[in-house]
Amino acid sequence: GKSATLPPATFVGSDIRVRDDTLPTAHVALAFETGGWLDGHSFPLMVLQQMLGQWDRADGSGANVASPLCRELAAGLHV
């Protein structure tokens, strides 16, 4: 079948803040407009993402992740 031709989506920023001091941790989400898959920056940004890696305090891998930056975060050297 044919794909639909749609106008580009419009990014609309917003801000919602809910404070609950009874919770032991803060949950934060950031969103921003980016280029699509066909954008010239898409591939370099994916490579950068793989180089930096990911780390989450709740993740069970701890200091056994591949990224040196994430290992330092897990070890608490820069937290």
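All values derive from a computational prediction rather than experimental measurement. (Residues numbered from 1 in each chain as written. Predicted model: local features only at pLDDT ≥ 70, side-chain atom pairs only at ≥ 80, totals over all residues. Heavy atoms only, no water.)

### Structural notes on the overall build of the chain
Working step 1: In terms of helices and strands, the chain carries two helices and zero strands.
Working step 2: Buried positions account for 5% of the 79 residues belonging to the chain.
Working step 3: With an accessible surface of roughly 7,900 Å², the chain has 59% of that area assigned to carbon and sulfur atoms. (Helix = DSSP H or I, 4+ residues; strand = E, 2+ residues; numbered from the N terminus. Buried < 20%, exposed > 50% of the residue type's maximum accessible area, 1.4 Å probe, protein only. Areas by Shrake-Rupley, 256 points an atom, 1.4 Å probe, with all protein chains shown as cover.)

### Structural notes on a nonpolar patch on the surface
Working step 1: A cluster of nonpolar side chains, Trp37, Leu38, Phe43, Met46, Val47 and Met51, forms an exposed patch at the surface whose accessible area comes to about 790 Å².
Working step 2: Topologically, Phe43 is positioned in helix α1 (residues 42-52). (Patch = residues over 30% accessible without salt bridge, like charges linked within 9 Å, V, L, I, M, F, W, Y side chains within 5 Å. Salt bridge = Lys/Arg side-chain N within 4 Å of Asp/Glu carboxyl O.)

### A word on the pattern of salt bridges
Working step 1: Throughout the structure, instances matching the rule amount to two salt bridges.
Working step 2: The salt bridge partner of Asp15 is Arg17, with a shortest N-O separation of 3.0 Å.
Working step 3: You can call Asp15 exposed: its relative accessible area is 53%.
Working step 4: A residue is classified by how much of its surface remains accessible, and Arg17, at 74% relative accessible area, is exposed.

### What about the side chain of Ser42?
Working step 1: Of note, Ser42 is situated in helix α1.
Working step 2: With a relative accessible area of 14%, Ser42 lands in the buried category.
Working step 3: In this view, Ser42 contacts Gly36 and Trp37; residues no more than four positions away in its chain are not counted. (Contact = heavy atoms within 4.5 Å.)

### Description of the environment of Thr10
Working step 1: Along the polypeptide, Thr10 turns up in the segment before α1.
Working step 2: Sequence separation between Thr10 and Glu33 is 23 residues, and the spatial gap between their C-alpha atoms is 9.1 Å.

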